[in-house]
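# Descriptive analysis of the structure
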Amino acid sequence: MSRLTALDRSTLEPSTVATLDRLLQDYGPYASLLGAFAHRPPALEHLFGYLVQSKRDALISPRHLEIALLTASRAHACHYCITLHEPKLAAQGISQEAIEHLLDDQVPGLDAQDLLVRDYSRLVTLTPDRISQDVHARLREYYSEEQVVELTIRIALCSFFKRFNEALQVPNEDVVALELHQGPGA
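Nothing here was measured: the structure is a model prediction, and the numbers come from that model.

Cut-offs used in this document
- Residue numbering note: each chain is counted from 1, following its sequence as written.
- Reporting in this predicted model follows two pLDDT cut-offs: at least 70 for local features of residues, and 80 or more for side-chain atom pairs to be given and counted; totals over whole chains, interfaces and linings ignore these cut-offs and use all residues.
- With hydrogens and water set aside, each side-chain value is computed from the structure's full complement of heavy atoms.
- Stacked, edge-to-face and tilted are the three classes for Phe, Tyr and Trp ring pairs, Trp counted by its six-membered ring, which pair at centre distances within 6.5 Å; planes under 30 degrees apart are stacked, over 60 edge-to-face, the rest tilted.
- Per the convention used, a helix needs a DSSP run of H or I reaching at least four residues, while a strand needs a run of E reaching at least two, with both numbered from the N terminus.
- For the exposure calls, accessible area comes from a 1.4 Å probe over protein chains only, and a residue counts as buried if that area is under 20% of its type's maximum, exposed if over 50%, partly exposed in between.
- Given the number of residues in a helix, its expected span is that number minus one, multiplied by 1.5 Å.
- Note on contacts: a residue pair is in contact if any heavy atoms of the two residues lie within 4.5 Å.
- As used here, the term nonpolar core means buried Ala, Val, Leu, Ile, Met, Phe, Trp, Tyr and Cys residues forming a set that is joined through side-chain atoms within 4.5 Å.

## Focus on the packing of aromatic side chains
A full pass over the atoms with the stated rule returns 10 aromatic pairs. Seen from their ring centres, Phe48 and Phe161 are 5.8 Å apart, and the 45° between their planes marks the pair as tilted. Of this pair, Phe48 sits in helix H3 (residues 41–57) while Phe161 sits in helix H9 (residues 145–168); the two residues are 113 residues apart in sequence, bridging distant segments of the chain. Pair check on accessibility: Phe48 and Phe161 agree, each one buried. Each ring, one from Phe160 and one from Phe161, has its centre 5.4 Å from the other, and the planes form 65°; the classification is edge-to-face.

## Brief notes about helix H4 (residues 62–75)
In a regular helix each residue adds 1.5 Å, so 14 residues correspond to 20 Å; H4 covers 19 Å between its end C-alpha atoms and thus fits that length. The element H4 is extensively covered by neighbouring structure, given that 11 of its 14 residues are classed as buried. Inspection of H4 places His64, Leu65, Glu66, Ile67, Ala68, Leu69, Leu70, Thr71, Ala72, Ser73 and Arg74 among the buried residues, and these make up the whole buried set. Its buried side turned inward, H4 meets helix H5 (79–90), helix H6 (96–100), helix H7 (112–126) and H9. Backbone geometry just downstream of H4 places Ala77 in the positive-phi region, at approximately 55°.

## Some remarks on the nonpolar core
Ranked by size, the top nonpolar core spans 27 residues in total, and within it Leu89, Tyr120, Leu139, Tyr143, Leu151 and Ile155 carry the most contacts. Excluding anything up to four places from it in sequence, Tyr120 contacts Ile131, Val135, His136, Leu139, Val148, Leu151, Thr152 and Ile155. In terms of nonpolar packing, the next biggest core, distinct from the first, is built from 24 residues, Tyr30, Phe37, Leu47 and Leu51 among them.

Next comes the structure, spelled out in structure tokens:
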């Protein structure tokens, strides 16, 4: 059960309602998560506004973004995020076997770039102070500095969302199938 009171839209500023409605459309049907952030309108607007822009910019392919996000979610055991990102990764053509073994050394069906993204995500999540120059050099074979920054931001946000969702007991969203059918999302 959430530690926040249920969102009463009638008590919100009209600008917050407009932001919430826009994000439900542009970010995805994540009423629980967005509703939790609506208690702090600047965070709602700016954090999720960034995520919407990130999706529009598409600096990281959906496949590699979902590998990174599910790896981070699994590495720190965020049930909320795992539930959201497993089907999204499957929608990118990754087999269920690969998804189940994503944190293993060998993952069937993943290429060198997939594994590098997975490894980088695990390092950013668990031991960011131990990322070697070699890892960064390998990343630069595939990504510009702007893309490395984008990838790092998105991975690091997984840890933020885990802590936020668990501290406030934000209810899991049961909307991934709907989102995949409609298109928008994280």
